[in-house]
Amino acid sequence: MRAAQSGLALHRRTGTPVHPMAPLPKLVWFAEQEPKLFGRVAHWVGIKDHVLLRLCGALVTDHSVASASGLPADTPVVVGVGDGPLANLGLGAVRPGVVACSIGTSGAMRVMVERPAVDPLGGVFCYLTEDRRVVGGAINNGGIVLQWAGDALAPELGEDSEEELLALAARAPVGSGGLVMLPYLLSERALLASVRSAGNEVREVRASGGFARSPLWRQMLADALGMPVRFPAGHEGSSFGAALLALAGLSVLHGLVPPHPGPLVAISSLDADLGLTLGLGLLIAVPTVIVAGPVFGNMISRYVPATIPEALLPTRTPAAVGGAEQGAAGPWADGPGAAGRRQADVDGELLTEDDLVNPGTGRPGAPVDDSGTETARRAPKFWPAVITVLLPVVLMLLRAIGELALAENTPGRRVLDIVGTPMVALLAGVIVAMFTLGFQAGFSRKQVSSVLGGSLPPIAGILLIVAAGGGFKQVLVDAGVGNLVADAAKDASLSPLLLGWLVAVGIRVATGSATVATITAAGIVAPLAATMDRPGVALLALAIGCGSLFFSHVNDAGFWLVKEYFGLTVGQTIKSWSVLETIISVVGFAGVLLLDLLL
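Residues numbered from 1 in each chain as written. Predicted model: local features only at pLDDT ≥ 70, side-chain atom pairs only at ≥ 80, totals over all residues. Heavy atoms only, no water.

**Re the sheet that holds strand 3 (residues 125-128)**
And step 1. Strands sit in the order 3-4-2-1-5-6 across an open sheet of six strands; the sheet is mixed. Of all the strands in the sheet, just strand 3 and strand 6 (229-230) have a single pairing partner and so form its edges.
And step 2. Direction of pairing for strand 3 relative to strand 4 (residues 133-139): antiparallel, over a ladder of four bridges. When the sheet's bridge partners are listed, Phe125 is paired in strand 4 with Gly136.
And step 3. In this fold helix 6 (residues 83-91) packs onto strand 1 (98-103), strand 2 (107-113), strand 4 and strand 5 (204-208), with an angle of close to 75° to the strand it touches most, strand 2. (Pairing = 2+ DSSP bridges. Helix = DSSP H or I, 4+ residues; strand = E, 2+ residues; numbered from the N terminus. Contact = heavy atoms within 4.5 Å. Axes fitted to C-alpha atoms, helices over the stretch in contact; angles between N-to-C directions.)

**Quick look at the packing of aromatic side chains**
And step 1. Taken as a whole and judged by the stated rule, the model has eight aromatic pairs.
And step 2. When the centroid spacing of 5.4 Å and the interplanar angle of 75° are considered together, the rings of Phe382 and Trp383 count as edge-to-face.
And step 3. On the accessibility criterion, Phe382 (46% relative accessible area) is partly exposed.
And step 4. Look at Trp383 and you get partly exposed, because its relative accessible area is 41%.
And step 5. By the ring-pair criterion, three or more aromatic residues cluster together here, those being Trp29, Phe30, Phe38 and Trp44. (Phe/Tyr/Trp six-rings, centres within 6.5 Å; stacked < 30°, edge-to-face > 60°. Buried < 20%, exposed > 50% of the residue type's maximum accessible area, 1.4 Å probe, protein only.)

**Some details on the pattern of salt bridges**
And step 1. A complete count under the given rule lists eight salt bridges for this structure.
And step 2. Across the salt bridge formed by Glu204 and Arg230, the nearest N and O atoms sit 3.4 Å from each other. Here Glu204 is found in strand 5, whereas its partner Arg230 is found in strand 6, with 26 residues between them in sequence.
And step 3. A relative accessible area of 19% places Glu204 in the buried class.
And step 4. Across the salt bridge formed by Asp417 and Arg399, the nearest N and O atoms sit 4.0 Å from each other. You can see Asp417 sitting in helix 15 (residues 411-419) and its partner Arg399 sitting in helix 14 (residues 382-405), a full 18 residues away along the chain.
And step 5. The class of Asp417 is partly exposed, set by a relative accessible area of 25%.
And step 6. Taken together, the salt bridges that share partners define one network made up of Glu204, Arg206 and Arg230. (Salt bridge = Lys/Arg side-chain N within 4 Å of Asp/Glu carboxyl O.)

This is a description of form; function is not addressed.
Laid out in structure tokens, this is it:
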């Protein structure tokens with residue numbers, strides 16, 4: 001195919017050269033080499049597509065894979081994005097001329113462009129994303145070259161000798177005395193030259209990957225490319241890009257969907273229908289997340305390059321093994337024989353401050369003692385974890401369905417009323433989590449107890465915030481502010497939904513707390529709810545929830561959390577997080593008004 005004229009035509013059509021890692025050449029190989037197997041196959045899918053099939057029962061793929069496989073342009077369903085475009089997004093390399101470079105075991109270099117671009121020699125790929133293309137490719141020789149050098153030149157250092165090899169390389173003079181190495185261990189391509197030969201300007205390089213932790217490698221990359229290279233403090237660009245898109249979903253759930261404390265208290269204050277509010281909230285949440293997440297997130301990432309602070313990066317080091325020297329007790333030493341070494345779990349991994357909290361150690365943040373456990377801790381299975389998280393929501397939805405479909409005082413209705421009560425539903429979720437996320441993941445009864453005990457301090461802070469908001473609300477209600485607002489709304493002919501949203505916006509901007517804004521605004525406009533029907537009261541609760549998310553700024557703890565986790569300046573946080581919150585508030589309220597017209 002590569003030698004034939006059809007190979008070049010395929011490259012021009014799809015942006016993907018004839019290469020063993022591309023989907024279409026693999027299919028052609030199977031058709032020619034394994035015709036019987038090829039004829040029996042109903043669907044050809046990648047690993048990610050297979051996972052999506054198992055999760056949602058639908059055969060779908062993403063834009064980048066679809067464009068490389070020659071699928072028709074009208075393929076109806078597209079999900080997600082490949083790791084390459086996500087790396088560009090995570091590094092902020094989304095403008096033409098800004099190249100994302102990642103080096104791990106292998107390496108890759110990609111640039112986003114507005115129009116399709118191909119290399120006449122077939123050296124790069126051209127992937128399709130939502131509204132642009134990603135031009136670039138991969139190299140086989142990345143960090144694996146260092147492994148080869150250790151095996152070939154310094155076998156006495158043994159395995160995992162990367163740090164020692166880099167230390168030796170750092171002592172060599174610049175130019176290594178004229179020694180030249182051609183990096184063709186596993187064949188190679190000149191990615192930067194190929195990207196340029198495809199007609200793309202390269203003004204800046206942003207790099208990520210495990211190699212970026214080495215100052216020597218970083219300098220070598222800049223010297224080899226002959227231009228400055230920017231390195232984020234966090235080296236996993238793809239993961240950061242995915243996290244950026246998740247922020248909108250978290251915020252929407254915070255303000256609109258029970259069982260979050262704020263919406264629950266608002267529902268209680270307004271005497272709204274829990275199930276109806278939950279259902280309408282989910283209807284509003286989906287389009288709101290789409291607008292505030294992928295649409296706004298993709299746009300703002302062009303102007304706000306974020307980095308992960310060094311303090312948040314993992315600091316795990318190999319645990320001491322064998323006969324450790326006895327000395328002063330280390331910071332995590334515990335029990336006889338632990339002096340002079342740090343404690344490792346049953347998997348041999350170092351326990352750090354971000355591991356499970358064990359209240360029995362006498363200090364917060366201490367790791368759980370894994371000694372004596374018969375089985376190693378392991379990751380929970382996917383479906384049990386999903387069921388555990390969704391269980392409280394499902395129980396509350398079943399209660400709402402029961403209120404619509406079952407007569408009062410029937411046994412089924414009474415059971416659903418009990419299990420769908422928020423407190424009971426949440427308690428059921430905790431009990432199920434003890435088994436699905438605890439015992440089945442290899443935790444002992446003592447460890448599960450420790451996790452439950454360690455969760456109480458964070459919960460205490462939430463309870464204090466909710467209590468403070470409720471107290472502030474009651475002061476305003478007892479002072480007659482609620483009736484005053486209701487009378488003013490009648491005189492001004494304001495919609496109760498608009499009034500509830502405006503009151504929540506004012507309290508949110510003044511106090512910085514979405515929970516306090518929700519609880520207080522619900523108490524103030526509660527007199528208006530008495531004159532509204534069931535759907536209207538549910539929409540009033542959602543309008544208040546939307547208003548409580550408006551413009552997070554410097555008086556909001558969440559503002560500083562986002563700033564520090566994403567390594568932003570105050571100005572960048574306002575441009576990204578504050579504007580994102582405002583978009584969620586406005587778009588969500590627009591959805592409330594639309595549903596008000598339809599119901």
